[in-house]
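Given next are the chains, with one letter for each unit.
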Amino acid sequence: MELIKLTQNNIENIKESIVATIGQFDGLHKAHLALIEKTMCIAKEKNLKSALITFDPHPDFVLKKDLSNTYVTPLDEKILILNEIGLDYLIVIEFTKEVANIKPIDFVKNYLIKNNVQEVVVGFDFSFGKFGKGKAYDISEMSKNKIKVNIIDEIKYNDEKIGTTLIKTLLKDGKVKTVKELLGRNYKISGQVVHGNHIGKTINLPTANLFVDEQFAYLCPGVYVVRVKIDGKRYFGFANLGNNPSFNYSKNMIFETHIFNFSKDIYDKIIEIELLEFIRSEKKFSSVNEFLDQIAKDKEFAKNFCKKFLD
């Protein structure tokens, strides 16, 4: 997949004819994947290239509609996932207040026609241009029928629209199994392993620690069953996400992950953590013994949970 970054002053002219799906695609959930699948299917049928056109940063952040400034899937994570899917192009438009003020017809001319877009695949609620006045069905007319429009109907989960808002709520509540149903995959975060002052050193429970990037959507602090990817290999374990309210308080949220049957030094390495199951919320313990008892229970739960993946 080729990554192309566009700005108002740098609108690349792609020579190959493409089919593009357009949107923010935060989360890359099942509704998004339906758009991508349709895009790739049309591209294959018509011997065209497939593309996903998105915006960075999120338009809602620039326009102050969302003050959280957090993503279910930050751009770097999005690139990793899309690379595996097999699109030909990922086109990222730098979103600014100036871009927000582009007239719908100018968006079509400058970003679609100039980049040889022949067809678009968009969701039922897609809008574009200043004040979102441009609608999906306008694209054909604005392009003088040079661009064919395919509109995908709303996709729901339990009668609720699958969307970023729903997923963020579920993550906040620790409902990672439901999130998996909406994404079609386990929720993941990644980051660089750092040293930390943690009690694990003194109780023979070594942990790989990483600070959670502030771009990621808020996750319920607590203990999770996890699968960790290191140098292309996967290992099971359990992790505590939080500020360590009992011992060695950390101002920033930190993932402390104990990896089963693993003893290598991975300081400074980039690792990926999949959240398989939520065990319990973060808790402040009154004593070290109370903490150790609970950790032993958490470890046992995690090992039993992981057996089904190993059998």
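On a predicted model such as this, the values are computed, not experimentally measured, just so you know. (Residues numbered from 1 in each chain as written. Predicted model: local features only at pLDDT ≥ 70, side-chain atom pairs only at ≥ 80, totals over all residues. Heavy atoms only, no water.)

Caption draft 1: Spotlight on the overall build of the protein. A tally of helices and strands in the protein yields 9 helices and 16 strands. With the C-alpha coordinates of the protein rotated into their principal frame, the extents come out at 75 × 40 × 40 Å. For the protein, with 311 residues in total, the buried portion stands at 50%. As displayed, the protein offers around 16100 Å² of accessible surface, 47% of which is attributable to carbon and sulfur atoms. With 45 positive and 41 negative side-chain charges, the protein shows a spacing of 1 Å between the two charge centroids. (Helix = DSSP H or I, 4+ residues; strand = E, 2+ residues; numbered from the N terminus. Buried < 20%, exposed > 50% of the residue type's maximum accessible area, 1.4 Å probe, protein only. Areas by Shrake-Rupley, 256 points an atom, 1.4 Å probe, with all protein chains shown as cover. Lys, Arg positive; Asp, Glu negative; His and termini not counted. Charge placed at Lys NZ, Arg CZ, Asp CG, Glu CD.)

Caption draft 2: Spatial organisation of the environment of I279. For I279, the location among the structural elements is in strand β16 (residues 270-281). The class for I279 is partly exposed, based on a relative accessible area of 21%. Sequence spacing of I279 and Q215 is 64 residues, and the spatial spacing of their C-alpha atoms is 24 Å. Filtering out sequence-adjacent residues up to four positions away, I279 remains in contact with V223, Y224, V225, D298, F301 and A302. (Contact = heavy atoms within 4.5 Å.)

Caption draft 3: Broad picture of the nonpolar core. In this structure, Y187, I189, L219, Y224, F255, I271 and L275 are the most contacted members of the largest nonpolar core, which totals 37 residues. Broken down by secondary-structure element, the contributors of at least two residues to this core are α7 (164-172), α8 (176-183), β11 (187-192), β12 (208-211), β13 (222-230), β14 (233-242), β15 (254-259) and β16. Setting aside residues no more than four positions away along its own chain, Y187 makes contact with Y71, V72, L171, V179, F216, A217, L219, I273, E274 and L275. Formed by 29 residues, the second largest nonpolar core is a distinct cluster that contains F55, V62, V108 and L112. (Core = buried A, V, L, I, M, F, W, Y, C linked by side-chain atoms within 4.5 Å.)

Caption draft 4: Structural context of the sheet that holds β12. Reading across from one edge, β11-β16-β13-β14-β15-β12 is the order of the 6 strands in this open sheet, with antiparallel pairing throughout. What marks the edges here is a single partner per strand, and that holds for β11 and β12. On average, each strand axis in the sheet is tilted by 35° relative to the strand beside it, whichever way the strands run. Contacts from helix α9 (residues 288-310) reach β13, β14, β15 and β16, with the element oriented near 115° to β16. (Pairing = 2+ DSSP bridges. Axes fitted to C-alpha atoms, helices over the stretch in contact; angles between N-to-C directions.)

Caption draft 5: View of the layout of surface pockets. Here the largest pocket defines a volume of roughly 1300 Å³. Where the lining of the largest pocket is concerned, the elements lending two or more residues are α1 (30-46), α2 (59-62), α4 (97-100), β6 (127-128) and α7. Its residues assigned to classes, the lining of the largest pocket shows 20 nonpolar, 14 polar and 11 charged. (1 Å grid on protein atoms, 1.4 Å probe; cavity = no way out; pocket = protein on both sides within 12 Å on 5 of 7 lines; lining within 4 Å. Points joined across faces, edges and corners; volume = space filled by probe spheres on them. Nonpolar A, V, L, I, M, F, W, Y, C, P; charged D, E, K, R; others polar.)

Caption draft 6: Fine view of helix α3 (residues 75-85). Residues of α3 that are buried include every one of L75, E77, K78, I79, I81 and L82, and no others. Elements that come into contact with the buried residues of α3 comprise β1 (2-6), α1, β3 (49-56), β4 (89-94) and β11. The first or second residue beyond α3 is G86, which carries a positive phi of 105°.

Caption draft 7: Seen up close, the packing of α7 against α8. Interhelical geometry of α7 versus α8 gives an angle of 155° and a closest axis separation of 8 Å. Here α7 is positioned roughly antiparallel relative to α8, judged by the angle of their axes. The handedness of the crossing between α7 and α8 is left-handed. Mapping the contact onto sequence places L166, I167, L170 and L171 in α7 and T178, V179, L182 and L183 in α8. (Parallel < 35°, antiparallel > 145°, perpendicular 65-115°, else oblique. Left-handed = near helix turned anticlockwise from the far one by under 90°.)

Caption draft 8: Representation of the packing of aromatic side chains. For the structure shown, the criterion picks out 14 aromatic pairs. Geometrically, the ring pair formed by F61 and Y71 is edge-to-face, given 5.0 Å between the ring centres and 75° between the ring planes. Separated by 10 residues along the polypeptide, F61 in helix α2 and Y71 in the loop between α2 and α3 bring together distant segments of the chain. For the pair F61 and Y71, a shared accessibility class is recorded, and that class is buried. Their ring planes at 40° and their centres at 5.6 Å tell us that F107 and F128 sit as a pair that is tilted. One end of the pair, F107, is in helix α5 (residues 104-112); the other, F128, is in strand β6, with 21 residues separating them in the sequence. Accessibility assignment for this pair places F107 and F128 in one class, buried. Here the aromatic residues F55, F95, F107, Y111, F126 and F128 are joined through ring pairs into a cluster of three or more. (Phe/Tyr/Trp six-rings, centres within 6.5 Å; stacked < 30°, edge-to-face > 60°.)

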